[in-house]
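# Residue-level structure breakdown
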Amino acid sequence: HHQNKRYLSSGINAEYGASGCHIVALVTRTGFSTFKGSLIRSILCPKPTKFEFQSDARRFIIMLSVFAAIGFCYTFYVSLQLGASISKTFRLGLDLITVVVPPALPAALTIGVVYAVQRLKKCKIFCLDPQRVNFCGKIQHICFDKTGTLTEDGLSVLGVIPSFSTFKNIVPDCEAIKNTKLFHALVTCHELSTIHGELVGDPLDIEMFKFTDWELDDTEETESFTNFISAIVRPKHPYSCYTNPEMQSEVPELGIIKSFPFTSDLQRMSVITKDIQNDSTIVFCKGSPEMISGLSIKDTIPFNYQGVLESYTKEGYRVIAFGYKNLDPETSWHTIQTMSRSEAECDLRFIGLLVMENHLKPDTTECIQDLIFSNTKVCMVTGDNILTAITVGKKCGIIPGLNEKHDVIVVKKAGNSVSFQLDFQEATAVVLNDRYSQMDLIEAIKTVTKLSHVFAVSEKDFIHAADHHPLVYELLLLRGKIFARMTPSKKQKLVEDLQALNYTVSMCGDGANDCGALKAAHAGVSLSEAEASIAAPFTSANPSISCMKEILRQGRAALVTASVTFRFMAMYSMIQFITQLLLYSIGTNMSDSQFLFIDMFVISGIAVTLGNSHPAKILAPCTPNAQLIDLKVLILLTCHVAMTFAFQFSGFMFVKTLPFYTPPVSSRGIQPCSENTVVFIISQFQYAIYGIVLSKGQPFRS
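Residues numbered from 1 in each chain as written. Predicted model: local features only at pLDDT ≥ 70, side-chain atom pairs only at ≥ 80, totals over all residues. Heavy atoms only, no water.

A few words on a nonpolar patch on the surface. Side chains of Leu596, Phe597, Met600 and Phe601 sit close together on the surface and give an oily, nonpolar patch of about 460 Å² of accessible area. Relative to the helices and strands, Phe597 resides in helix H21 (residues 592-611). For Phe597, a relative accessible area of 38% gives the class partly exposed. (Patch = residues over 30% accessible without salt bridge, like charges linked within 9 Å, V, L, I, M, F, W, Y side chains within 5 Å. Areas by Shrake-Rupley, 256 points an atom, 1.4 Å probe, with all protein chains shown as cover. Salt bridge = Lys/Arg side-chain N within 4 Å of Asp/Glu carboxyl O. Helix = DSSP H or I, 4+ residues; strand = E, 2+ residues; numbered from the N terminus. Buried < 20%, exposed > 50% of the residue type's maximum accessible area, 1.4 Å probe, protein only.)

Shown next as structure tokens:
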């Protein structure tokens, strides 16, 4: 490894320094305290998620256990009255408990999930945590990343805008800016490397570097390498323009001495470079326009900077800014290596903008419309500029009404207060001061917002509202559509705060900066097979948000299937419970062959059929009810149990009035008798009828 690398990952062997001395390293983070370690810890020990269906299932089983206890007491009393031994009585009571709380209940509940996972796999959607499938049936809010998720993975360079005293027209190629500081920034300010001659790194950096038509040499075999330079960039065809061989030595070469990697929190990266011909040392910095302009000397920023920036971001283009700073030629290598990031990235000279276009994926708009029709809230969570995000949001339908006026309220920090601006128009700004009382603030918000308004906010204003204005913050969570310049930790905070409002939240992203939010969401969906796929319960091999529709369809069908299967198994228990209580009253019971027939052929067949119900083709504009214990369900179950008892008891009593009836001998235990035959046949029809009643398809199943 080269000496300019200050941070080493585990597994790297560092042997000797340039002077032959041993390298001394200080371990700063290890184990779970590292970034990858914290990701692995979140995977191994995920945050517990509560699901209403599961808690209701536990309560329902407790209710069934109460019936089992009552039946046990009844069995004990009746058996002793009929002269049975205590051991036999106790055995019959335990048998009744296994009927009321069937051991096959957990297996029956997973049938729908198993079929859903198999159907998702056929659609190239892979599930690492099958328990999350039922959560997908209750998804109410989906957060989408922008780049690579809503838009295409690849970026294409529209051109560059060099900075003079004013911005002029965009330059579509690099010929006009050769040998300028902006061009040198384009060829050096990146984190690319080569493997077998192929560029590897961030897609944005790759497209930017290809735009320059230069090449990167990061091998140690080149003669231009010194102990201080880790990579060199030079023209791909350096000698084609030189007819005189003596001029070949004048081919420009730039060496990269040190890199400060890109971080989402800082929204920038920088490199310290060496012009090998001129022996000059220069810092180049690349990042978001607002960040680079804030670090630049004000006199170097064009007067029409804001207008030009807004003109491109409002069109949905991605804009990257560049700055540079000359270092003292006498600056030593040791000084460069110990230079802090804040020292390198200050007092920059602004040199221009790189404009890149990123098109929507072909099916993005249609998928967003289908999700909105299904009454699912959608929002965009991106690290990009807020104007770019708003434009993309309008194009894809997250912000409704692309071809008609639709008001977007931009929430911005105003001192210690917040202001509401209509489409960034200062004239429409309404400042909500801290002087407002709680009720006045609510009324003020109502006066400046309408139900048709949606909200957009950048990270710093988002955090300000969260810390100082809880009412405004809640409004942002409920009606926010665009969350821009969001770092990974703030994406995760947004997901967790939406969950605190009792939303079932899904996150869909494709990058490492989405990992925290993907793991925190009830159903994280990764469109990448890199780090994001490790953190997300679902991974789609097809990098399209159309997978969200399929996941919702399968999740809703699986949740309904789990609910009806649970109710069927509960009703099956009550039917058999009543059958056994009636037979116990005359000192007999069903035979083993009868139990085997019911479990192996009747119940298993109905349960598998119910579990294999396919999802509806169209997402319904509502979500299924995940509650097992509510008034409607309890009333229906009570009525069904009463009807079951009435029919079985009627048959049980009616057979005794027939002329061929012969009373059973209670001391013989299990024996053929008329009562057994009647209640057994009636119960078989009750199982089938209840299975048909619960096999309703629409609106969530086909």
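Looking now at helix H13 (residues 386-396). Along H13, nine of the 11 residues are buried, which leaves the element largely enclosed by surrounding structure. Its buried side turned inward, H13 meets helix H9 (305-313), helix H12 (364-373), strand E13 (377-381), strand E14 (408-414), strand E17 (454-458) and strand E18 (480-484). (Contact = heavy atoms within 4.5 Å.)

Right, let's talk about the sheet that holds strand E7 (residues 231-235) for a bit. Strand order in the open sheet formed by eight strands is E3-E12-E11-E10-E9-E8-E7-E6, with antiparallel pairing between adjacent strands. The strands lining the two open edges of the sheet, one partner per strand, are strand E3 (156-162) and strand E6 (214-217). On average, each strand axis in the sheet is inclined to that of its neighbour by 25 degrees, with strand direction left out of account. Here seven bridges tie strand E11 (residues 318-326) to strand E12 (residues 349-357), and the two strands are oriented antiparallel to one another. Among the inter-strand pairings, Phe322 is bridged to a residue of E12, identified as Gly352. Together, E3, E6, E7, strand E10 (280-287), E11 and E12 form the strand contacts of helix H7 (residues 203-212), whose direction differs from that of E3 by roughly 65 degrees. (Pairing = 2+ DSSP bridges. Axes fitted to C-alpha atoms, helices over the stretch in contact; angles between N-to-C directions.)

Following both chains from N to C, one finds helix H22 (residues 631-654) and helix H23 (residues 674-693) inclined at 150 degrees, their axes separated by 9 Å at the closest point. Judged by the angle between their axes, H22 and H23 are roughly antiparallel. Of the two possible hands of crossing, H22 and H23 adopt the one that is right-handed. Each of Leu637, His640, Met643, Thr644, Phe647, Gln648, Gly651 and Phe652 in H22 lies in contact with H23, whose residues at this interface are Glu675, Val678, Val679, Ile682, Ser683, Gln686 and Tyr690. Tallied by class, the residues present in the contact of H22 with H23 amount to eight nonpolar, six polar and one charged. (Parallel < 35°, antiparallel > 145°, perpendicular 65-115°, else oblique. Left-handed = near helix turned anticlockwise from the far one by under 90°. Nonpolar A, V, L, I, M, F, W, Y, C, P; charged D, E, K, R; others polar.)

Let us look at the environment of Thr376. Within the secondary structure layout, Thr376 lies in the loop between H12 and E13. Taking the relative accessible area as the measure of exposure, Thr376 reaches 4% and is therefore buried. Distance from Thr376 to Cys622, taken between C-alpha atoms, is 8.3 Å for residues 246 residues apart in sequence.

All right, on to empty space enclosed by the protein then. One pass over the full model with this rule turns up one cavity of 30 Å³ or more. Its volume calculated, the largest cavity comes out at about 50 Å³. As for the largest cavity, its lining consists of Arg553, Arg556, Pro615, Ala616, Ile618, Leu619, Ala620, Pro699 and Phe700. (1 Å grid on protein atoms, 1.4 Å probe; cavity = no way out; pocket = protein on both sides within 12 Å on 5 of 7 lines; lining within 4 Å. Points joined across faces, edges and corners; volume = space filled by probe spheres on them.)

A few words on the nonpolar core. In terms of nonpolar packing, the biggest core is built from 50 residues, with Phe53, Phe566, Phe568, Met569, Ile598, Ile603 and Tyr687 touching the most fellow members. Going through the elements one at a time, helix H2 (52-81), helix H3 (86-100), helix H4 (105-122), helix H20 (546-584), H21, H22 and H23 are the ones with two or more residues in this core. Tallying contributions element by element places H20 first for this core, with 18 residues. Sequence-distant contacts of Met569, that is, excluding residues within four places in its chain, are made with Pro102, Ala104, Leu105, Ala108 and Ile603. (Core = buried A, V, L, I, M, F, W, Y, C linked by side-chain atoms within 4.5 Å.)

All right, on to the pattern of salt bridges then. If you walk through the whole model with that rule in mind, you get 16 salt bridges. The salt bridge involving Asp514 is made with Lys491; its shortest N-O contact spans 2.7 Å. On the criterion of sequence distance, the pair formed by Asp514 in the loop between strand E19 (505-509) and helix H18 (515-520) and Lys491 in helix H17 (residues 488-500) is long-range, its members being 23 residues apart. The burial state of Asp514 is the same as that of Lys491; both residues are buried. For the salt bridge of Glu550 with Arg553, the shortest nitrogen-to-oxygen distance reads 2.5 Å. Of this pair, Glu550 and Arg553 both sit in helix H20, separated by three residues, roughly a single helical turn.

A few words on the layout of surface pockets. Each pocket or cavity is described by its volume, and for the second largest pocket that value is around 580 Å³. What lines the second largest pocket is a set of 23 residues, among which Val560, Val564, Arg567, Lys632 and Lys696 lie closest to the centre. Elements with a contribution of two residues or more to the lining of the second largest pocket: H20, H22 and H23. If one sorts the elements of the lining of the second largest pocket by residue count, H22 sits on top with five residues. Its residues assigned to classes, the lining of the second largest pocket shows 11 nonpolar, seven polar and five charged.

Counting buried positions along strand E9 (residues 268-275) yields eight of eight residues, so the element is predominantly enclosed. Judged by which residues are buried, E9 turns out to be covered on both faces: Arg268, Ser270, Ile272 and Lys274 on one side and Met269, Val271, Thr273 and Asp275 on the other are all buried. Judged from the seven bridges that link them, strand E8 (residues 254-263) and E9 form a sheet pairing that is antiparallel. Bridge pairing in E9 places Ser259 opposite Val271. Where E8 hands over to E9, the hairpin turn is made up of four residues, of which Gln267 adopts a positive phi near 60 degrees. What sits between the antiparallel neighbours E9 and E10 is a turn of four residues, in which Asp279 has the positive phi angle 60 degrees.

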